[in-house]
Amino acid sequence: MSLLLRNARLLDVATGDYQEADLRCADGRIVETGTGLSAPDGVRSVDLAGAPVLPGLIDAHVHVTASTADLGALPSSSPSYVAAHSARIMSGMLDRGFTTVRDASGADYGLCDAQEEGLLRGPRLLFCGRALSQTGGHGDSRGRGTRVSDDHPCCAGLGRVADGVDAVRAAARDELRKGAHHLKVMASGGVASPTDRIDSTQYSMDELRAVVEEAEAANRYVAAHAYTARAVNRALRAGIRSVEHGNLLDDESVRLFAEYDAFLVPTLVTYWALKKEGPEFGLPADSHRKVDEVLGQGLVALERAARGGVRTVYGSDLLGGMHRHQNEEFRIRAEVQKPIDVIRAATSTAAELLSMRGEIGTLEPGAHADLVVLRGDPLTDIGFLADPSHVMGVVQGGSVVSAQRGSALAA
Ligand code: ZN
Ligand code: ZN
């Protein structure tokens, strides 16, 4: 597939400047950018009339299998039924401009292969399989009255329970065996889990270090769910590279992010959505009450981290029917960050976290031709990204995969 986009405003996310130029793709990659490019025979040429073009967006914290916000009910859903939901959820993400997503538990090699083979439309999918959780931790979906484990391979849950250094090593190796791009551990309590407290720490340091060691042995890294400073800081000291949420982090955390070369992936939109719509989409009442403990502090934590130079990456973490709010995270973050910094979180910095620098999150020649074309300039009004109705079209691997009706990109 070849494509020439003419008269575009190409955003260089490194400098924050636009270049008025053309962009040509071939064989799935960006081949060249510059003025007055001509289309070789058979190449589709589209005049964008000055529309801004950004690298395809990256969301580093999604759950494409979260068909409901009632995570306790998920393991009893049929995997084929959940896969049908995943296809719908991933398709929506692509239309919102996301061409790569990192799944933070739930997705497996089947969905990844299906997307790669074109069986379903959606963003490139980097998965971790099941998140590792201690008994009674954020990945243990059993209510208090349930004794038997629901951690069964045919089920569609997000987590697996493993206790003790040997057991977590075996679980980590098993997820790597199934092709995990990274490992995920639950290092503190969470909102959507039935029996834990938000302010708990989860897993011993020995267990966390064992998971990190297994990931590093396979040239992979570990992402950890953690809210409080206590949980975040011990995760960082254990060698975790990607801290998820971090709503209650402190100045010591900021120092440790630098010391350990780690990334922060806030997911502010999910608390906003859970507060507003959680119960409507299956969030149990006990979980809804826990939202307030993290909602207000998230933006404060992001500001503190950004001011301290922590590399922050875009995450949304939405569940069930709330996925449609995925782009709202741009607007929320823009309350404390410049638009270009929020855009970097969803492009170049995300690419660094995913070890795909130069491959995605940039418009430089050689990168995958994953692009999003907008109706207006998000640097002056973040609303052009935060509201997906302003996405004129999406290019993935050099092909137009989404186009608003009547727009220049529509066939
Ligand atoms: Zn989490
Ligand atoms: Zn999550």
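Residues numbered from 1 in each chain as written. Chains lettered and ligands numbered in written order. Predicted model: local features only at pLDDT ≥ 70, side-chain atom pairs only at ≥ 80, totals over all residues. Heavy atoms only, no water.

### Comments concerning helix H3 (residues 165-177)
Move 1: Its 13 residues give H3 an end-to-end C-alpha distance of 18 Å, which sits within 8% of 18 Å, the value for a rise of 1.5 Å per residue.
Move 2: Every buried residue belonging to H3 is among Val 168, Arg 169, Ala 171, Ala 172, Asp 174, Glu 175 and Leu 176, and all of these are buried.
Move 3: Its buried side turned inward, H3 meets strand S9 (131-133), strand S10 (159-161), strand S11 (183-186) and helix H4 (205-217).
Move 4: Positive phi appears at Gly 179, one or two residues downstream of H3, with a value of about 95°. (Helix = DSSP H or I, 4+ residues; strand = E, 2+ residues; numbered from the N terminus. Expected span 1.5 Å × (residues − 1). Buried < 20%, exposed > 50% of the residue type's maximum accessible area, 1.4 Å probe, protein only. Contact = heavy atoms within 4.5 Å.)

### Topic: the domain arrangement of the protein
Often, the extent of an interface is quoted as the loss of accessible area on bringing the components together.
Move 1: Annotation of the protein at the domain level lists domain 1 (3-55 + 360-410) and domain 2 (57-326).
Move 2: Placing the centre of domain 1 and that of domain 2 at their C-alpha centroids yields a distance of 31 Å.
Move 3: When domain 1 packs against domain 2, the two sides together hide about 1,000 Å² of surface, and 58% of this comes from carbon and sulfur.
Move 4: Here domain 1 and domain 2 share one salt bridge between them.
Move 5: Here Arg 124 makes a salt bridge to Asp 370, at a shortest N to O gap of 3.1 Å.
Move 6: Scanning the region where domain 1 abuts domain 2 turns up six residue pairs in polar contact (both at pLDDT 80 or more).
Move 7: Going through the elements one at a time, strand S17 (391-396) and strand S18 (399-403) are the ones with two or more residues in the side of domain 1 that touches domain 2.
Move 8: At four residues, the largest contribution of residues to the side of domain 1 that touches domain 2 is made by S17.
Move 9: Of the residues belonging to the side of domain 1 that touches domain 2, the class tally is nine nonpolar, four polar and one charged. (Domains from an automatic or database assignment. Buried area = accessible area lost by both parts, 1.4 Å probe. Salt bridge = Lys/Arg side-chain N within 4 Å of Asp/Glu carboxyl O. Polar contact = N/O pair within 3.5 Å; in protein donor to acceptor, adjacent residues only side chain to side chain. Nonpolar A, V, L, I, M, F, W, Y, C, P; charged D, E, K, R; others polar.)

### Regarding the coordination of the zinc ion (ligand 2)
Move 1: The zinc ion (ligand 2) binds to the protein through His 61 (NE2), His 63 (NE2) and Asp 317 (OD); the donor distances cover 2.0 to 2.2 Å.
Move 2: The metal-metal distance between the zinc ion (ligand 2) and the zinc ion (ligand 1) is 3.7 Å. Of the two residues, His 63 is situated in the loop between strand S6 (57-62) and helix H1 (79-95) and Asp 317 in the loop between strand S15 (311-312) and helix H11 (328-333); the sequence distance between them amounts to 254 residues.
Move 3: Owing to a relative accessible area of 11%, Asp 317 belongs among the buried residues under this scheme. (Donors = N, O, S within 2.8 Å, 3.2 Å for Na, K, Ca; no water.)

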